[in-house]
Amino acid sequence: MEVLVKNLKIKYVLTCIAVTFVVSLFISLAPINVEQCKCGKTEETDIDERHVHKSASKHTKHRLAILVPFRDRFEELLIFAPHIKSFLDKQDINYHVFILNQIDKYRFNRASLINVGFLEVKGEFDYIAMHDVDLLPMNDQLKYYYPETGPLHISSPELHPRYHYPTFIGGILLVNRKHFLKVNGMSNKYWGWGLEDDEFYVRLKEAGLNVTRPPNLLTGIQSTFKHIHDRNHRKRDMAKCFNQREVTRKRDRQTGLNNVAYKIENTINAKIENTSITILNVMLTCDKSITPWCLCDMLNIVSDKKIKNQSNLKTNVYR
Ligand code: UDP
Ligand code: MN
């Protein structure tokens, strides 16, 4: 009896080994019918994925990097990516979308993310569009062409749904490589919402760079752009901590492109519907001796009742 059980056990083990061998053989020989993973690999050679036009024209000479400062705006990104593709594919330009995803523990820093994006793409691209993820261009007359003579402000104050002061240059701004370098990029001192674009306006002005805007559009503030921003769901971080208010109302001559401190944690090439994008996971570093307000808790907030309404009343403090 004991011998019989032993024989059965051996047979069972041998059968298991044989089945495992045959199954692994099948798996290794089977054709791979899922898309090959390009994980972590950049698509530098994949020109179609990078929206390169086949026709050579005056505009295709230059390459545009759409730089989108980003954190926790996934729903907006799902709308933005396919929209910007269908919008820009009607124009004869070469472009690629970069999502600058801030992954550190500090408050959001739109300007530093744009500096980082510029440094990461400047070897391959001739001009940038600083582009809010929630501002969708709707009028096909808005051309994202190379801004030869000076920055081109696409979302001008006469057209932007929310901001109407004359020196406003936020939302969507195109700048060529030479000009962005000339002004040392943007200030790195703006943690939290607001004013970094106004400081950049002063940099441009001091450098003698003239901002132009799309001429003669008839669609006005109602229908030139769609601002997909729910103010209750996506609250603006307007807290002012330490001496933030005083410092961020002054022109910054200390920080910019030359000293933005960061690390790219990783790069992901992804597709949203039919749109290829590159996500850069950016870890910003904060020098708390210069900008202690990069972290701000209840204890440090300098209270000001007026701040609550500031986004409605936003005016350019540099005027
Ligand atoms: N942003 C983000 N996450 C944030 C805050 C801002 O991704 O927590 C990005 C996003 O691209 C957004 C842009 O920064 O469109 C400008 O911020 P916001 O929309 O709050 O400014 P607004 O122009 O509406 O006052
Ligand atoms: Mn917005």
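What comes next concerns the included structure. No experiment lies behind these values; they were computed from the predicted model shown. (Residues numbered from 1 in each chain as written. Chains lettered and ligands numbered in written order. Predicted model: local features only at pLDDT ≥ 70, side-chain atom pairs only at ≥ 80, totals over all residues. Heavy atoms only, no water.)

## A closer look at the site of ligand 1
Thinking step 1. In the region of ligand 1, 13 residues are neighbours, and P69, R71, D134, Y163 and R236 sit closest.
Thinking step 2. Contact between ligand 1 and P69: an oxygen atom at 2.8 Å from a main-chain N or O atom of the residue.
Thinking step 3. R73 is positioned such that a nitrogen or oxygen atom in its side chain is 3.4 Å from an oxygen atom of ligand 1.
Thinking step 4. In isolation ligand 1 has 510 Å² of accessible area, and contact with the protein removes 89% of it.
Thinking step 5. Of the residues assigned to the shell around ligand 1, the class counts are 6 nonpolar, 2 polar and 5 charged. (Near = heavy atom within 4 Å. Polar contact = N/O pair within 3.5 Å; in protein donor to acceptor, adjacent residues only side chain to side chain. Areas by Shrake-Rupley, 256 points an atom, 1.4 Å probe, with all protein chains shown as cover. Nonpolar A, V, L, I, M, F, W, Y, C, P; charged D, E, K, R; others polar.)

## Topic: the state of the cysteines
Two cysteines joined by a covalent bond between their sulfur atoms form a disulfide.
Thinking step 1. Here the structure, examined in full by the defined rule, presents 2 disulfides.
Thinking step 2. Here C241 engages in a disulfide with C296; their sulfurs sit 1.8 Å apart. One quick way to see it: the torsion about the S-S bond of C241 and C296 is about 65 degrees, and its sign makes the bridge right-handed. Here C241, found in the loop between strand 7 (225-227) and helix 7 (244-247), pairs with C296, found in the segment after strand 9 (275-284); they are 55 residues apart in sequence, far enough to count as distant.
Thinking step 3. On the accessibility criterion, C241 (0% relative accessible area) is buried.
Thinking step 4. Disulfide partner of C286: C294, at an S-S distance of 2.0 Å. (Disulfide = S-S within 2.5 Å. Helix = DSSP H or I, 4+ residues; strand = E, 2+ residues; numbered from the N terminus. Buried < 20%, exposed > 50% of the residue type's maximum accessible area, 1.4 Å probe, protein only.)

## Description of the nonpolar core
Thinking step 1. Counting 35 residues, the largest nonpolar core has L67, I128, M130, F180 and F200 as its most contacted members.
Thinking step 2. Counting only elements with at least two residues in this core, the list comes to strand 1 (63-70), strand 2 (94-102), helix 3 (110-121), strand 3 (127-131), strand 6 (172-176), helix 5 (196-206) and strand 9.
Thinking step 3. For this core, the element with the most residues is helix 3, which contributes 6 residues.
Thinking step 4. Not counting the four nearest positions on each side in its chain, M130 is found in contact with L67, R110, I114, G171, I172, L173, V175, F180, M186 and F200.
Thinking step 5. Membership of the second largest hydrophobic core comes to 31 residues, among which are I84, Y95, I99 and I272. (Core = buried A, V, L, I, M, F, W, Y, C linked by side-chain atoms within 4.5 Å. Contact = heavy atoms within 4.5 Å.)

## As for the environment of F108
Thinking step 1. Tracing the sequence through the fold places F108 in the loop between strand 2 and helix 3.
Thinking step 2. Residue classification places F108 among the partly exposed positions, given a relative accessible area of 26%.
Thinking step 3. Each C-alpha atom of the pair F108 and D237 lies 8.3 Å from the other, and the pair is 129 residues apart in sequence.
Thinking step 4. Apart from residues lying up to four places away in sequence, F108 is in contact with P69, F70, R71, Q102, L113, Y190, W191 and G192.

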